[in-house]
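Residues per chain are reported as follows:
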Amino acid sequence: MRLKGKVLQHKLAGSTAALGKVLAFIAKAAPVDSTVLIEGESGTGKELVARALHQNSRRCTGPFVPVNCAALPENLLESELFGHEKGAFTGAMAQQKGKFELAAGGTLFLDEIGELSVSVQAKLLRALQERAIDRVGGRQPIRVDIRLIAATNRDLSSGIAAGEFRQDLYYRLKVLSIRTPALRDRPEDIPELAAFFIEKYSRQTGRAVRGVSPEADSILRNYEWPGNVRQLQNVIEHAVVLGSGEVIAKEDLPEELLQTAPQSYHARMHRARREIFRNAFARAKGD
């Protein structure tokens, strides 16, 4: 895919229509500064989409500053985002710039934005409206030049109904929006993704793994992948590290995949016949 005569830069693997829709969105949204909300399940590559938006934008030479909103408690998150002045609170021994200032000229990526407290949401809303922030303990607003991209795996509409997420902030964030598809909705991309991760971990471990056996491939394609691409990545790393052959076999896959693996036709028929004989034997009281 091309972006105004240039090849679109991204690290999203796959060739299905579902992924194509995401890439088309990136191509259109990257050149502008509009705020973007990326929705989707955990492990579907929301940060990769955010990085692609930044990498293909006019801000690509500026910083890309990610913040995991779920990783910090509320009292630290405000200082992390907006910075603080010396003496603003106990332990504030020096002035500190927040992520908004550190992202100047670039992109600020707020992951898991649905985890923000209502009070921090109010300050974020003001920052987006005014394009200015107040450091904790500060007296003068500071102008900021950033593009904001937010991501969530939560249903923010339900959060609004429950009073946990501000409706005005939701619409301020959702100027442009895209939903990253779950891996179970694009199983045709699994072989390409698996090959990408096999190459990566073969290089890291020094093992010469060149592919996946037909039986293991069938298991990978039919698994539900609740953890999406991130889970597939972990599964391939597991198989490359612990496997012994040049091809990933069924036995190299983690136990949770083998427990849900579809049985062959002959295995299912054998199990059914065994159950019929067992029931008949029971009805005959062992005769």
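Description of the structure in this document. (Residues numbered from 1 in each chain as written. Predicted model: local features only at pLDDT ≥ 70, side-chain atom pairs only at ≥ 80, totals over all residues. Heavy atoms only, no water.)

1. Observations concerning the environment of glutamate 246
- In this fold, glutamate 246 is placed in the loop between α10 (228-242) and β11 (247-248).
- Residue glutamate 246 is classed as partly exposed on the basis of its relative accessible area of 48%.
- In the structure, glutamate 246 is positioned 137 residues away from phenylalanine 109 in sequence and 40 Å away in space, judged by C-alpha atoms.
- The contact partners of glutamate 246, leaving out residues within four places of it in the chain, are Ala208, Val209, Arg210 and Gly211. (Helix = DSSP H or I, 4+ residues; strand = E, 2+ residues; numbered from the N terminus. Buried < 20%, exposed > 50% of the residue type's maximum accessible area, 1.4 Å probe, protein only. Contact = heavy atoms within 4.5 Å.)

2. Brief notes about the pairing of strand β3 (residues 36-39)
- Burial of the side chains of β3 extends over both faces: Val36 and Ile38 are buried on one face and Leu37 and Glu39 on the other.
- Where β3 meets strand β8 (residues 147-152), 4 bridges bridge the pair, whose relative direction is parallel. For isoleucine 38, the partnering residue across the bridge sits in β8 and is alanine 151.
- Where β3 lies against strand β9 (residues 176-179), 4 bridges are found, and the strand directions are parallel. Directly across from isoleucine 38, in β9, lies its bridge partner isoleucine 178. (Pairing = 2+ DSSP bridges.)

3. Structural notes on the nonpolar core
- Ranked by internal contacts, the top residues of the largest apolar core, which has 28 residues, are Leu81, Phe100, Leu108, Leu110, Leu124, Leu148 and Leu173.
- Counting only elements with at least two residues in this core, the list comes to β4 (64-68), α3 (74-82), β5 (107-111), α5 (118-130), β8 and α7 (167-173).
- Considering each element in turn, this core owes the most residues, 5 residues, to α5.
- In contact with leucine 148, other than residues within four places in its own chain, are Ser34, Thr35, Val36, Leu108, Leu110, Leu124, Leu128 and Leu173.
- Judged by nonpolar contacts, the second largest core, of 23 residues, contains Ala194, Ala216, Ile219 and Tyr223. (Core = buried A, V, L, I, M, F, W, Y, C linked by side-chain atoms within 4.5 Å.)

4. A look at the sheet that holds β9
- Across the sheet, which stays open at both edges, the 5 strands sit in the order β4-β5-β8-β3-β9 with parallel pairing between neighbours. Of all the strands in the sheet, the pair left with one neighbour each is β4 and β9. Averaged over all adjacent pairs, the angle separating strand axes in this sheet is 15°, with direction ignored.
- The sheet contacts of helix α1 (residues 17-29) involve β3, β8 and β9, and relative to β9 the element is tilted by about 160°. (Axes fitted to C-alpha atoms, helices over the stretch in contact; angles between N-to-C directions.)

5. Side note on the packing of α3 against α5
- Look at α3 against α5: their axes get within 10 Å of each other, and the N-to-C directions meet at 15°. In terms of orientation, α3 and α5 fall into the roughly parallel class. The two elements α3 and α5 meet at a crossing, and its hand is right-handed. Along the contact surface, α3 presents Glu74, Glu78, Leu81 and Phe82, while α5 presents Ser119, Val120, Lys123, Leu124 and Ala127.
- Class assignment of the residues belonging to the contact of α3 with α5 gives a composition of 5 nonpolar, 1 polar and 3 charged. (Parallel < 35°, antiparallel > 145°, perpendicular 65-115°, else oblique. Left-handed = near helix turned anticlockwise from the far one by under 90°. Nonpolar A, V, L, I, M, F, W, Y, C, P; charged D, E, K, R; others polar.)

6. Observations concerning α3
- Every buried residue belonging to α3 is among Leu77, Ser79, Leu81 and Phe82, and all of these are buried.
- In this structure, the buried side of α3 is in contact with β4, α4 (99-102), β5, α5 and β6 (132-133).
- Once α3 finishes, glycine 83 follows within two positions and takes phi at roughly 80°, a positive value.

7. Describing helix α2 (residues 46-55)
- Along α2, the residues classified as buried are Lys46, Val49, Ala50, Ala52, Leu53 and His54.
- On its buried face, α2 is in contact with α1, β3, β4, β5 and β8.

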